[in-house]
Structure formats: structure tokens, C-alpha cells
Amino acid sequence: MDAVEEIKSRLFIEDVIGQYVLLKRAGRNFKGLSPFNSEKTPSFIVSPEKQIWHDFSSGKGGNIFSFVMEMEGLDFKGALELLARKAGVELSQYSGSGGDLSRQKERLYLLLDKAAKFYQVQLKASKSALDYLIKERKFSKTTVLKFRLGYSPNTGDALLRYLEKAGFSVKEMRDAGVVTKNYQQPNDMFRGRLMVPLTDTQGRVVGFTARILDGSSSSKYVNTPQTLLYDKSRQVYGLDLAKVVIRKTGYVIVCEGNLDVIASSQADVEQVVATAGTAMTSQQLKLISSLTKDVRLAFDQDMAGQTATERAIVLASQADINLSVISTGGFKDPDELIRKDISAWQKAVDEPTYALDWLVDAYSKQLNLQSVLGKRKFTDAILPIVSKLSDPVEKDHYLSYIAELIKTAKEALVSKADSMSKKDRPMITRSRRTNFDQTPKEVVEQTKAQDHLIALAVFKPFLRHYLDPITPQMLTSPEAGETLGKLKTLSVDMPDDKLKNSSDYAKMLVLLFEAVYTELDETELDYEARLLQGRLIVKYVKQQKNVLSKALSEAGQDNSQQLLKQAKELDDLLRYQKEV
């Protein structure tokens, strides 16, 4: 038995999912409200018998691992590690040559957790650190405990000696980033500083941010260096504590500083996280967007903050994220605004400005848009972003708005934007799947249509002829394509019992059929299959024609005939569907 099967055998899927979704018994299954969409009628089903779940409102489904990946924003490895801890499974027993690395990581996690506890104890003994947190920052004792804030004594080796007594080697301390070597002697990395533990999405300590307290000339903040556990480019502070509230509210606030997060959380605005430094990375944005597509930036109100916001706009435009900016008025950061007026911060959070509107306004105030030089600098800054907008209506809106704003012909802006777009255009490798040009809503609808049609074909062999014109290219997942291929090898009277249990995807199809189609007669099922087939074909033809249209506009004489042939084949496919 491998690690995956061992974990499945120890955990009940309804217990794990029940920690995120309120489930109620419905016959052999459990039902609840979708955690992915707002709904009043439960459409989320969990099958203990099949060890799978399916959400009919979003078309998502799978096993215990895919659910945790969705809810926690983890990859498979992260979900495996989380569920292994829940199940009490030691992954190193299954990891072969990777066992040493797994054990090394576990030692570092344990070491950093003990270091955090050590700093917490030291905080109680430091009047200056407590005064800074309680009197100056106005943090409550509950908040200090919630975020595990601590203090590193200025003795030079206090933590080192503590960890040695706990059984850790100096090498392990250096690997964890809490001890360094000065003048050939190992010493504590952090001394005389406020300690803020940095955690991963599962709440495990991976490093620290340390803030100076005595006003010396030393760096204000010092972070853990790159380690086996800590990667600055991927670190999102506070995400482990905020993720539940992010899913509940549907949006996330991204600040620049860790103390901004703590202050906001204490002010009952808990869906807030921070980047490790000003600049947001694509890895951080990807991690955040796994929980929500509504991202609201609240960086410091200085030039560095504006530059970081501008970079984030470019990243968000490439990731289908609705990015907006929260204004803190005349205050330099959220923490300062919160200390002055909590209600003003709460109001600012509810009234963000769409990021591109914010950027246009910011540059309008900084540049002289009446001068030629000002117009050039303004368009140099704004048009690269506008040219990357995927929505043609939105793109046209901003081109028209900017043209009016700087009193320039729209055609000139279009020409400059096209020039910038071609200069930056990457080489594109087309996916075998067809959903690269679709919106998330279209992908959901296509997925639902394919799953329903395949489910009907699995249970009702007389409907399998509706799969004849369907190809893997029309589907949104490899699992659907694989099941389609298996069904096409079966005749209308061949048994399919093995297929029903061949994979988690096949089990999900069984769950779907039982929930939706068991009460319909053959005439109704035939009508439903015909509608689903038509929906898939129409979506595929529409999408492929958009692709061909773009390709034809850029194709040379040699390629045009081949593209026109493909367009005719699409017309034939659509005509076939209408004749069925």
C-alpha cells in the first residue's frame, strides 16, 4: 500500500470535508452548500462509499486530496503532507531516497517551532518589547498570542544554547536560518529585536521577520535568509490565518508589512496578508489567487509602493485577477490609518479603486499631460498594460479614455499599443486542450456539459452514439478524454461495470448520474444527451473559429488555404450537429 492509499484508509472523506463544509446526511451520501459559489440550495455532495465529492454548481469534483488542494490552495505534495499529518502517516516510510530530505525538513520545522516558543517566553521578560507592542502599537495580548510575537534577547547566543540543550546541532540551526557565524563563532542570527514568525499555508513556522526596537542604525527589518523551508518569493505572511475568511468574504487585502496584517486583523478585517517586502511575485499572486480572484492592494503610499502596485497590475492582467487598490488617504500605510481611525480603514477596504483606474490617476497627477514629453511618458507607462488586456471592450474603453485625457487621436494610441504588444509578444505553444481562450465561467459550463454527457453514456449504452463526433480536444480534462476513449471502444450492449470504478473521475460520474438522472425515462434521457452534445459542439466550433480568425489575420499565403480548410471542417461539424 502506498502513502496515498494508506491516508485514504485512515481518514473518512466526510470528516475531512466536514471541517470546511457543513454536511447533512442525504441517504447514502452527504450534502451541503457549495464552498465555491454562493447558493441557497445544497448542490455539494460527498459519497463516503466511493470516497469522492462533487460540486454541481461549479462542476468541480474529485477525492479527498483534490478537495484539500482546492480549499487550502496547495499543490498535491502539500495536500499529501497535510493529510498525512491528520492521518498519522509518516511519509518518509514511503519516500524511498527522498526520506532523508523529508526527515531533514521535519527537524527544521520542529527547530523553528521551538525557536518561536523561545522568543515568546523572552517577550514576557522584556519590558521594552512589551511596551512597544502594547502601548505604542496598541496590540492586545490576544493579538500578540495569536500571531506568536516574540523577542530575541541581545546576548548573542541565548537561542543557540537553548536549542543545543533541546538536541539540535549548530548545522541544523544554520540550515534553519536562526544562527550565523561571525569571526568563526556561531551566534544568534537575531538579537535585540521583535520577532514575527513567518508561517506556511498550514501554519508551520518557516522563518522570521525581526524588527529593531532600540532605534539604532542597524537595518530596521531583517528576514530569515533563503533556506530549505523559507523562500522569500513564495512567502505570503498571514495566509494560514486569513484563508478561511478570504473564502467567506470572497476577497483578499494584500499589504506590504507584517504589522499591517496584525493591526488589520485586530480591527476585525481579517482577510489580509502581506508580501515579504514590497514587490509582489508571480508565485505569491498565484498562491493568493487560488483562494480568490478579487485582490485588493494596500501598499505603502510612497514611490516604492506605487512601483510595486504597477508591477502587480501587469502580473494580475496575465492571471485573470480582478485587482484593485485601497487608498489610505494621507496615511503612509494601513497600520497608521488603523491606529488613527479603525472605521476609516474598514470603509477604505469596502471602496477600492480598480487598479488600472488608480494607475491612470496616479500618473495623471505626476506628469504634465499638456506637454509632449508628459504625454509620451504617460503612454509609455500605461499602454503596455492596456495592450495586454484580454477583454476587447475593456481595452477599447481605456484607449478611448486615454485619448480623450491627453487630447490625442485614438488611432495613434492603437498604433503605439500594437507596436508595444508585438515587441513583447512571447512565442506561444498551443495546448492540446481547447480551453486556453475561455473565461473561467465558460470552462465551468463546458466541464459540466461534458461530464453530464459522459455520465449518460456510461449508464445508458443506447446513448453512446452521441459521443461519435466528440473528440478529446473538445474536453477540458485528460480524465474526461481518457474515459471518452474507453467508451468509444464499447458497443451499445457491452457491460461497463469495470469502467464505473476505474478511476475517481468515473466514480464522480456515477455520483452525478445517481443524483440527476435516475428518475428520467429513456425519451427524456435521449433529449438531454442530444442537448449536451449540441452544447459541446457549438462551444468548440465557436472557440476554434475565434482561434482561426486570429490565425488568418496573421497568416501568409501558404498557410491561408490550410486554415480555410480547417474552418470548413468546423462548419461541417456544426452542420452535422444540427442534422442529428
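Summarised in this report is the structure supplied together with it.

### Quick look at the overall build of the protein chain
Okay, so step 1: Within the protein chain one finds 25 helices and 17 strands.
Okay, so step 2: When each of the 580 residues of the protein chain is scored for burial, the buried share is 47%.
Okay, so step 3: Just so you have it, the protein chain exposes about 29,100 Å², and 51% of that area is on carbon and sulfur atoms.

### Here's the deal with the pairing of strand S3 (residues 44-47)
Okay, so step 1: Residues Phe44 and Val46 point to one face of S3 and Ile45 and Ser47 to the other, with burial holding for every one of them.
Okay, so step 2: Looking at chain direction, strand S2 (residues 29-32) and S3 are connected through 3 bridges and run antiparallel. By the bridge assignment, Gly32 is partnered in S3 with Phe44.
Okay, so step 3: Direction of pairing for S3 relative to strand S4 (residues 52-55): antiparallel, over a ladder of 4 bridges. Residue Ser47 lies in a different strand from S4, and its bridge partner there is Ile52.
Okay, so step 4: The turn linking S3 back onto S4 is made up of 4 residues, and Gln51 within it adopts a positive phi angle of 60 degrees.

### Quick word on the sheet that holds strand S15 (residues 294-298)
Okay, so step 1: The strand order across the open sheet formed by 6 strands is S12-S14-S13-S15-S16-S17, and the pairing between neighbours is mixed. Unpaired on one side and paired on the other, strand S12 (236-237) and strand S17 (353-354) mark the two borders of the sheet.
Okay, so step 2: In this sheet, strand S14 (residues 272-275) lies alongside S12 in antiparallel orientation, the contact comprising 2 bridges. Among the inter-strand pairings, Val236 is bridged to a residue of S14, identified as Thr275.
Okay, so step 3: Sitting on the sheet, helix H11 (residues 258-266) is in contact with S12, strand S13 (252-255) and S14, with an inclination near 175 degrees to S14.

### A word on the packing of aromatic side chains
Okay, so step 1: One pass over the structure, following the stated rule, counts 13 aromatic pairs.
Okay, so step 2: Taken together, a centroid distance of 5.5 Å and an interplanar angle of 75 degrees make the contact between Tyr20 and Phe67 edge-to-face. Of this pair, Tyr20 sits in the loop between helix H2 (13-17) and strand S1 (24-26) while Phe67 sits in helix H3 (residues 64-72), and the two are 47 residues apart along the sequence.
Okay, so step 3: Judged by relative accessible area, Phe67 falls into the buried class, the value being 0%.
Okay, so step 4: Among the aromatic residues, those joined into a ring-pair cluster are Tyr20, Phe36, Phe44, Trp53 and Phe67.
Okay, so step 5: Above the face of the Phe36 ring, Lys60 is positioned so that its terminal group lies 4.4 Å from the ring centre.
Okay, so step 6: Sitting above the plane of the Tyr109 ring, Arg204 keeps its charged end 4.1 Å from the centroid.

### Comments concerning the sheet that holds strand S5 (residues 60-62)
Okay, so step 1: One open sheet holds the 5 strands; their spatial order is S1-S2-S3-S4-S5, and the pairing between them is antiparallel. Every other strand in the sheet has two partners, leaving S1 and S5 as the edge strands with one partner each. Neighbour-to-neighbour, the strand axes of this sheet turn through a mean angle of 20 degrees, independent of strand direction.
Okay, so step 2: Pairing of S1 with S2 involves 3 bridges; the strand directions are antiparallel. Bridge pairing in S2 links Lys24 to Lys31.
Okay, so step 3: In this fold H3 packs onto S3, S4 and S5, with an angle of close to 135 degrees to the strand it touches most, S5.

### Focus: H3
Okay, so step 1: All of the buried residues in H3 are Ile64, Phe65, Phe67, Val68, Met71 and Glu72. Seen along its axis, H3 keeps its buried residues to an arc of 160 degrees; they face one direction.
Okay, so step 2: At its buried positions, H3 is contacted by helix H1 (3-10), H2, S3, S4, helix H4 (76-87) and helix H10 (239-249).
Okay, so step 3: Capping the start of H3, Asn63 holds a side-chain oxygen 2.9 Å from the backbone nitrogen of Phe65, two or three residues further along.
Okay, so step 4: In the segment just after H3, Gly73 is the residue with positive phi, at about 70 degrees.

### A look at the packing of helix H16 (residues 355-366) against helix H18 (residues 392-405)
Okay, so step 1: Between H16 and H18, the least distance of the axes is 13 Å, while the angle of their chain directions is 15 degrees. The pairing of H16 with H18 is recorded here as roughly parallel in orientation. Considering the relative orientation of H16 and H18, their crossing is right-handed. Contacts between H16 and H18 pair Leu356, Asp357, Val360 and Ser364 from the former with Tyr398, Tyr401 and Leu405 from the latter.
Okay, so step 2: Class assignment for the residues of the contact of H16 with H18 results in 5 nonpolar, 1 polar and 1 charged.

### Observations regarding empty space enclosed by the protein
Okay, so step 1: Inspection of every chain in the model, using the stated rule, returns 2 cavities of 30 Å³ or more.
Okay, so step 2: The space that makes up the largest cavity amounts to roughly 50 Å³.
Okay, so step 3: Lining the largest cavity, in full, are Lys146, Phe147, Gly238, Leu241, Ala242, Val261, Ser265, Glu270 and Val272.
Okay, so step 4: Mapped onto the lining of the largest cavity, the elements with two or more residues apiece are H10 and H11.
Okay, so step 5: Taken together, the residues that form the lining of the largest cavity break down as 5 nonpolar, 2 polar and 2 charged.

### Considering the nonpolar core
Okay, so step 1: Ranked by size, the top nonpolar core spans 57 residues in total, and within it Val178, Phe208, Ile253 and Trp345 carry the most contacts.
Okay, so step 2: Looking at this core element by element, the count peaks at 9 residues for helix H5 (residues 99-124).
Okay, so step 3: Core analysis: the next-biggest nonpolar cluster, separate from the first, contains 44 residues, Val252, Ile288, Val295 and Ile406 among them.

### Observations concerning H18
Okay, so step 1: Here H18 contains 14 residues, and its C-alpha end-to-end distance of 20 Å stays within 8% of the 20 Å for a straight helix at 1.5 Å per residue.
Okay, so step 2: Directly beyond the C-terminal end of H18, a positive phi value near 55 degrees is found at Lys407.

### A short note on the side chain of Ser289
Okay, so step 1: Within the secondary structure layout, Ser289 lies in helix H12 (residues 282-289).
Okay, so step 2: The buried category is assigned to Ser289, whose relative accessible area is 12%.
Okay, so step 3: Here Lys286 takes part through its backbone oxygen, which lies 3.1 Å from a polar atom of the side chain of Ser289.

Rules behind the numbers
- Each chain has its residues counted from 1, following the order in which its sequence is written.
- Where totals are concerned, whole chains, interfaces and linings use all residues; where local detail is concerned, this predicted model gives features only for residues with pLDDT of at least 70, and gives and counts side-chain atom pairs only at 80 or more.
- With hydrogens and water stripped out, all remaining heavy atoms of the structure feed into the side-chain values.
- Secondary structure is summarised from DSSP: a helix means a run of H or I of at least four residues, a strand means a run of E of at least two, and numbering begins at the N terminus for each.
- In this scheme, a residue with accessible area under 20% of its type's maximum is buried, one over 50% is exposed, and one in between is partly exposed, where area comes from a 1.4 Å probe on protein chains only.
- For accessible areas, the Shrake-Rupley method is used with a probe of radius 1.4 Å. Any residue's cover is judged against the shown protein chains and nothing else.
- At least two DSSP bridges between two strands are required for those strands to pair.
- In this analysis, two residues are considered to be in contact whenever any of their non-hydrogen atoms come within 4.5 Å of each other.
- Lines fitted to the C-alpha atoms define the axes, with helices restricted to the stretch that makes contact. Angles between their N-to-C directions range from 0 to 180 degrees.
- Centres within 6.5 Å are what make two rings of Phe, Tyr or Trp a pair, Trp counting through its six-membered ring; a difference in plane orientation under 30 degrees is then read as stacked, over 60 as edge-to-face, and the rest as tilted.
- Here, a charge over a ring means that NZ of Lys or CZ of Arg falls within 6 Å of the ring centre while also lying within 35 degrees of the ring normal.
- What the arc describes is the spread of directions from the helix axis to the C-beta atoms.
- Two N or O atoms count as a polar contact when they lie within 3.5 Å, although within protein this holds only if one can serve as hydrogen donor and the other as acceptor, and sequence-adjacent residues are included solely when both atoms are side-chain atoms.
- Our angle categories are set so that under 35 degrees counts as roughly parallel, over 145 as roughly antiparallel, 65 to 115 as roughly perpendicular, and the remainder as oblique.
- We call a crossing left-handed when the near helix sits turned anticlockwise from the far one by less than a right angle, and right-handed when that turn is clockwise.
- Any residue outside Ala, Val, Leu, Ile, Met, Phe, Trp, Tyr, Cys, Pro, Asp, Glu, Lys and Arg is labelled polar, Gly included; the first ten of those are nonpolar and the last four are charged.
- Put plainly, a pocket is an open set of points on a 1 Å grid over the protein atoms alone with protein on both sides within 12 Å along at least five of seven lines, a cavity is a set where a 1.4 Å probe fits but cannot get out, and a lining residue has an atom within 4 Å of a point.
- Grid points are joined across faces, edges and corners, and a volume is the space filled by probe spheres set on the points.
- The set of buried Ala, Val, Leu, Ile, Met, Phe, Trp, Tyr and Cys residues whose side-chain atoms join them within 4.5 Å is what this entry labels a nonpolar core.
- Each helix should span, by expectation, one fewer than its residue count multiplied by 1.5 Å.

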